[in-house]
Amino acid sequence: MQRPSTKSYFLKTFGCQMNVYDSERMTESLTRDGYSETAEIADADLVILNTCHIREKAAEKVYSDLGRIRDMKDARKRDGKDTVIAVTGCVAQAEGREITTRQPAVDLVIGPQSYHRLPELIARVGNTRERIVETEFPGDEKFDRMSAPRRVVSPSAFLTVQEGCDKFCTFCVVPYTRGAEFSRPLAKIENEARELIAAGARELVLLGQNVNAYHGEGHSGRSIGLAELIRRLADIDGLERIRYTTSHPRDMDDDLIAAHGEVPQLMPFLHLPIQSGSDRMLAAMNRKHKTGEYIDIIDRIRSARPDIALSSDFIVGFPGETADEAEDTLKLVAAVGFAQAYSFKYSPRPGTPASSLGDQVPDEVKSERLQRLQALLEDQQTEFNQRSLGATVPVLFERKGRQPGEFVGRTPHLQLVHAVADGDIVGRTMGVTVTEARRASLSGVIASA
Ligand code: 5AD
Ligand code: SF4
């Protein structure tokens, strides 16, 4: 028998759910290699920062963390211990060798398409002490080479079905950092889904940068869309809930809208970014849709599934945005009504077309517009949650809460719910009568199993 190694790793994940999924896969691969996780950087033989490049703040945070990790590496060196520092994710892909120039303590830079090579690259650093930058796009090799039975997972598990984006919104780095659209074949997704369910998952969140553009190979060899994929997954025993994120309005086809009315496991929640309520801004952003088309999709999805809860992403202060155009976004939000949403100040990203546009909006103006938009969205979220007061809703419990006996789960509308129970109810779906509604969460009393 192989002697267990005592190597340990520290892994920090920034950004989106795709990074969370990738981090889980890296964790599995490191565990197979005999690593154990530590929460203390000072104890780690391997430190991985899985990074996000979407906005400047997220990317800069990585460098400030790296400064502190370098100090830790130096301190460990004085104790005779080696530390390998790896930067993965979208900063790795976008900045490559620049990272090792800016922070020479970094040993490894690995882009999102090369994670299957993690163990081999770590070994190479250990043997040669060379700095390695690996940011090729070798296609779908990653999923196949990282496939191993999934471990015990949260009752709500992520499953990547699609990666990359061909849309090229003018503000966005994703088409450059994650590459061209790629969809995994149905058979491989079904296998991973079965493994996740066997390991304890009750809900699957299908992930893709442009998930509703999914067009993977079906069993007959012809390509299938996201609606068909959802219908196939709904046939698997033990799968109670299906969600998907993130979608683009252009790919919200009739079949997917119909699936919301037909597949009971498909949860009544849709995250559909619009970014702006101004048609001129949408054109400048190269969004390939107008506000009217967005409203039309919302109308159709509400006819198919009247109780659908809506979520979106917004950017304020895109170059050239006028006060009236910012106002148009508020009007759109008022007209649609969102259960929750994310909103951001426009952040110029190197290499994207919008970053070189004139007429950048001053930061104070962006802040003021963001504040007004967020105030409206927060009011809508609070109001949406208050509608649940007194109702009994099915909650899938995902984890223990902070208080003794407290558990935390989600409603079909993705609202966070706190409730107290006697036994361990993680992984169970229970009826909860809602007694308190706040902006970001509900509390309630368990009514039934
Ligand atoms: N600046 C601000 N927000 C951005 N997003 C993407 N790129 C930028 C940027 N350069 C936002 C969009 C997207 C979400 C994931 O992040 O709203 O939908
Ligand atoms: Fe970025 Fe989404 Fe636009 Fe693709 S569709 S470029 S991921 S904002």
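Bear in mind that the values here come from a model prediction, so they are computed numbers and not experimental data. (Residues numbered from 1 in each chain as written. Chains lettered and ligands numbered in written order. Predicted model: local features only at pLDDT ≥ 70, side-chain atom pairs only at ≥ 80, totals over all residues. Heavy atoms only, no water.)

Caption draft 1: Spatial organisation of the site of ligand 1. Close to ligand 1 lie Ile54, Arg55, Phe171, Gln275, Asp313, Ile315, Phe344, Lys345, Tyr346, Ser347 and Arg349, which account for all nearby residues. In the model, a nitrogen atom of ligand 1 is placed 3.0 Å from a nitrogen or oxygen of the phenylalanine 171 main chain. Across the complex, the protein chains shield 87% of the 400 Å² of accessible surface that ligand 1 would expose by itself. Elements that contribute at least two residues to the shell around ligand 1 include exactly β15 (309-316) and β16 (340-345). A breakdown of the residues in the shell around ligand 1 according to their chemical character gives five nonpolar, two polar and four charged. (Near = heavy atom within 4 Å. Polar contact = N/O pair within 3.5 Å; in protein donor to acceptor, adjacent residues only side chain to side chain. Areas by Shrake-Rupley, 256 points an atom, 1.4 Å probe, with all protein chains shown as cover. Helix = DSSP H or I, 4+ residues; strand = E, 2+ residues; numbered from the N terminus. Nonpolar A, V, L, I, M, F, W, Y, C, P; charged D, E, K, R; others polar.)

Caption draft 2: Spotlight on the sheet that holds strand β19 (residues 416-420). The strand order around the closed barrel built from five strands is β17-β18-β19-β21-β20, with neighbouring strands paired in mixed fashion. Averaged over all pairs of adjacent strands, the angle between their axes in this sheet comes to 55°, without regard to strand direction. Examined bridge by bridge, β19 and strand β21 (residues 441-448) share four bridges and lie parallel to one another. When the sheet's bridge partners are listed, histidine 418 is paired in β21 with serine 443. (Pairing = 2+ DSSP bridges. Axes fitted to C-alpha atoms, helices over the stretch in contact; angles between N-to-C directions.)

Caption draft 3: Focus on the packing of helix α8 (residues 186-198) against helix α9 (residues 226-234). Remark: α8 packs on α9, axes separated minimally by 11 Å, with the N-to-C direction vectors making an angle of 40°. As summarised for this structure, α8 and α9 are arranged oblique, according to the angle between their axes. In this structure, α8 crosses over α9, and the sense of that crossing is right-handed. Packed against α8, whose contacting residues are Leu186, Ile189, Glu190 and Ala193, the element α9 presents Leu229, Arg232 and Leu233 at the interface. Within the contact of α8 with α9, the residues separate by chemical class into five nonpolar, no polar and two charged. (Parallel < 35°, antiparallel > 145°, perpendicular 65-115°, else oblique. Left-handed = near helix turned anticlockwise from the far one by under 90°. Contact = heavy atoms within 4.5 Å.)

Caption draft 4: Spotlight on the domain arrangement of the chain. The domain architecture assigned to the chain consists of domain 1 (8-134), domain 2 (149-267), domain 3 (277-284 + 292-386) and domain 4 (392-446). Centre-to-centre, using C-alpha coordinates, domain 1 lies 35 Å away from domain 4. (Domains from an automatic or database assignment.)

Caption draft 5: The pairing of strand β20 (residues 429-437), seen in detail. Here strand β17 (residues 392-400) runs beside β20; their pairing, made up of five bridges, is antiparallel. Counted as the bridge partner of threonine 392 is threonine 433 from β20. Bridging between β20 and β21 involves six bridges; their strand directions are antiparallel. Bridging from a neighbouring strand, glycine 431 pairs with serine 448 of β21. Taking the residues between adjacent antiparallel strands as the criterion, β20 and β21 are bridged by three residues.

Caption draft 6: Up close: the environment of glutamine 415. Assignment of secondary structure puts glutamine 415 in the loop between β18 (406-410) and β19. For the pair glutamine 415 and asparagine 50, spaced 365 residues apart in sequence, the C-alpha separation works out to 27 Å. Within the structure, the side chain of glutamine 415 is placed 2.8 Å from the side chain of threonine 411, a separation counted as a polar contact.

Caption draft 7: Spotlight on the site of ligand 2. Taken together, Cys165, Lys167, Phe168, Cys169, Phe171, Cys172, Val174, Pro175, His248 and Arg287 make up the full set of residues near ligand 2. Counted by class, the shell around ligand 2 contains seven nonpolar, one polar and two charged residues.

Caption draft 8: Representation of the layout of surface pockets within the structure. Taken as a whole, the second largest pocket holds about 250 Å³ of empty space. Every residue along the wall of the second largest pocket is listed here: Arg55, Glu56, Lys57, Ala58, Phe344, Lys345, Tyr346, Ser347, Asp363, Lys366 and Leu370. The set of elements that each furnish at least two residues to the lining of the second largest pocket consists of α2 (56-78), β16 and α14 (363-386). Counted by class, the lining of the second largest pocket contains four nonpolar, one polar and six charged residues. (1 Å grid on protein atoms, 1.4 Å probe; cavity = no way out; pocket = protein on both sides within 12 Å on 5 of 7 lines; lining within 4 Å. Points joined across faces, edges and corners; volume = space filled by probe spheres on them.)

Caption draft 9: Highlighting the sheet that holds strand β7 (residues 156-160). As summarised here, the arrangement of the three strands in space is β7-β10-β13, forming an open sheet in which the pairing is parallel. The sheet terminates laterally at β7 and β13 (241-245), the two strands that pair on one side only. The sheet shows a mean angle of 25° between the axes of neighbouring strands, direction not considered. The pairing of strand β10 (residues 203-207) with β13 spans five bridges and is classified as parallel. By the bridge assignment, leucine 207 is partnered in β13 with threonine 245. Against the sheet, α8 touches β7 and β10, its axis set at about 160° to β7.

Caption draft 10: Structural detail: the packing of aromatic side chains. Taken as a whole and judged by the stated rule, the model has five aromatic pairs. Taking the centre distance of 6.4 Å and the plane angle of 75° together, the rings of tyrosine 9 and tyrosine 35 count as edge-to-face. Residue tyrosine 9 is located in strand β1 (residues 8-13), and its partner tyrosine 35 is located in the loop between α1 (17-32) and β2 (36-37); the two are separated by 26 residues in the primary sequence. Residue classification places tyrosine 9 among the buried positions, given a relative accessible area of 1%. We classify tyrosine 35 as buried; its relative accessible area is 10%. Directly above the ring of phenylalanine 344 sits arginine 55, whose terminal nitrogen or CZ lies 3.6 Å from the centroid. Directly above the ring of tyrosine 63 sits arginine 102, whose terminal nitrogen or CZ lies 3.6 Å from the centroid. (Phe/Tyr/Trp six-rings, centres within 6.5 Å; stacked < 30°, edge-to-face > 60°. Buried < 20%, exposed > 50% of the residue type's maximum accessible area, 1.4 Å probe, protein only. Lys NZ or Arg CZ within 6 Å of the ring centre and 35° of its normal.)

Caption draft 11: The arrangement of the nonpolar core in detail. Counting residues in each nonpolar core, the largest one holds 51 residues, and the members touching the most others are Leu206, Leu229 and Tyr244. Of all the elements, α9 adds the most residues to this core, at six residues. The residue makeup of this core includes at least three contributed by each of domain 2 (149-267) and domain 3 (277-284 + 292-386). Residues within four places of leucine 229 in sequence aside, it is in contact with Val161, Leu186, Ile189, Leu206, Tyr214 and Ile224. If you look at the next biggest cluster of nonpolar residues, it comprises 20 residues, including Ile41, Ala59, Val62 and Ile69. (Core = buried A, V, L, I, M, F, W, Y, C linked by side-chain atoms within 4.5 Å.)

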